[in-house]
Amino acid sequence: MKKLILLVLVSGMFSCKNTAQNTELKTIQDNIKNAKPVEVPIENGMAKAYFASGCFWCVEAIYESVKGVEESISGYAGGHTKNPTYEASNTGRTGHAEAVEIIYNPEIVSFDTLVDVYFASQNPTQVNGQGPDNGSQYRSIIFYQNEAQKKIIESKKADLASKLNRIVAAEVYPFQKFWVAEDYHQNYEKLHPENRYIQGVSIPRLKRFQAKMPEILKKNH
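As the structure is a computational prediction, the values presented were derived from the model and not from experiment.

A. Region of interest: unusual backbone geometry. We note that Asn-128 has phi near 55°; this positive angle belongs to a residue other than glycine. Position of Asn-128 among the secondary structure elements: in the loop between helix 4 (111-120) and strand 4 (129-130).

Dropping the structure here:
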């Protein structure tokens, strides 16, 4: 009987501790969502935008096929931990999602169009993931750097929700910081075309997007 009482007490202590930790993490994430956005200055005529939409291998390749995009970099954003790693992000406890940094020429492609690319290249109603990838680290997030970008995102999200008559899963976050992922993640689809995930998931996703918006693609794509 004493052992049973002790077990119940210990179980209750851990339950309370976990509840407190979850509440604390939720508060931290809420603070991130309500923070003042950081605006990244245009450098050498190039602007930057940030998106999370499932596996960054897929998203990186999608944006690099778009005219006006100079480079797409895989990384992590939206969370509360510093210097996140792939292993840590995969636990879902960092608050970060796999994300991409898009370096683009605003004279050729607008932020407005990049948001269109975002919604056209995913299942907009899937929560916490895309395709076979599930978990908060794969959730959909669009990051804004100023009020003008926020209005564009919210307007397009509302229009899409109305068109689909469904809730659009993408969260809208003020941009804070982008953490570049490990070197082996960069240009992964391009460097590993034989990979089974790339062949079975990434390339089909890229082709589905390209069929929707052929007019904005680079000639060699």
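Picking up after the structure, the text goes on.
B. Seen up close, the packing of aromatic side chains. Applying the stated criterion across every chain yields a total of 12 aromatic pairs. The interplanar angle of 45° and the centroid separation of 5.5 Å between the aromatic rings of Tyr-50 and Phe-178 together place this pair among those described as tilted. Here the residue Tyr-50 occupies a position in strand 1 (residues 47-53), and Phe-178 occupies one in the loop between strand 7 (171-174) and strand 8 (179-180), the gap between them amounting to 128 residues. On the basis of an interplanar angle of 75° and a centroid distance of 5.9 Å, the ring pair of Phe-143 and Tyr-173 is categorised as edge-to-face. With a gap of 30 residues between them, Phe-143 in strand 6 (residues 140-144) and Tyr-173 in strand 7 connect regions that are remote in the sequence. We note that Phe-143, like Tyr-173, is buried. Within the aromatic cluster, the residues linked to one another by ring pairs are Tyr-50, Phe-143, Tyr-173, Phe-175 and Phe-178. Of note, Lys-177 hangs over the ring of Trp-179, and the distance from its end group to the ring centre comes to 4.7 Å.

C. Just the side chain of Asn-105, in detail. Considering the arrangement of structural elements, one finds Asn-105 in the loop between strand 3 (97-104) and helix 4. There is a polar contact of 2.8 Å between the side chain of Asn-105 and the backbone nitrogen of Glu-107. For Asn-105, the residues in contact, after removing those within four places along its chain, are Gly-45, Met-46 and Gly-68.

D. Focus on the nonpolar core. Ranked by internal contacts, the top residues of the largest apolar core, which has 42 residues, are Phe-51, Tyr-63, Ile-102, Tyr-104, Leu-114 and Phe-209. Where this core is concerned, the elements lending two or more residues are strand 1, helix 2 (56-64), strand 2 (69-77), strand 3, helix 4, strand 6, helix 5 (147-164) and helix 7 (196-212). If you tally residues by element for this core, the top one is helix 4, at 7 residues. Apart from residues lying up to four places away in sequence, Tyr-104 is in contact with Gly-45, Met-46, Ala-47, Lys-48, Ala-49, Gly-68, Val-69, Glu-70, Val-109, Ser-110, Phe-111 and Leu-114. Met-46, Tyr-50, Ile-141 and Tyr-173 belong to the second-largest nonpolar core, a separate cluster that totals 14 residues.

Rules of the game
- Each chain carries its own residue numbering, running from 1 in the written order of its sequence.
- Only residues with pLDDT of 70 or above have their local features reported here, since the model is predicted, and side-chain atom pairs are shown and tallied only from 80 upward, although totals for entire chains, interfaces and linings are computed over all residues.
- Each side-chain value is derived from all of the structure's non-hydrogen atoms; neither hydrogens nor water enter the calculation.
- Runs of H or I in DSSP of at least four residues are treated as helices and runs of E of at least two as strands, each being numbered from the N terminus.
- Note on ring pairs: Phe, Tyr and Trp rings are taken, using the six-membered ring of Trp, and paired if centres are within 6.5 Å. Classes follow the plane angle, with under 30 degrees stacked, over 60 edge-to-face and the rest tilted.
- A simple rule labels every residue: compare its accessible area, found with a 1.4 Å probe on the protein chains alone, to the largest value its type can have, and call it buried under 20%, exposed over 50%, or partly exposed in between.
- Criterion for a charge above a ring: Arg CZ or Lys NZ at most 6 Å from the ring centre, at most 35 degrees from the ring normal.
- N or O atoms closer than or at 3.5 Å make up a polar contact, with two conditions inside protein: a donor-capable atom paired with an acceptor-capable one, and, for residues adjacent in sequence, both atoms drawn from side chains.
- Every residue pair with non-hydrogen atoms within 4.5 Å of one another is taken to be in contact.
- The term nonpolar core refers to a set of buried residues drawn from Ala, Val, Leu, Ile, Met, Phe, Trp, Tyr and Cys, joined through side-chain atoms within 4.5 Å.

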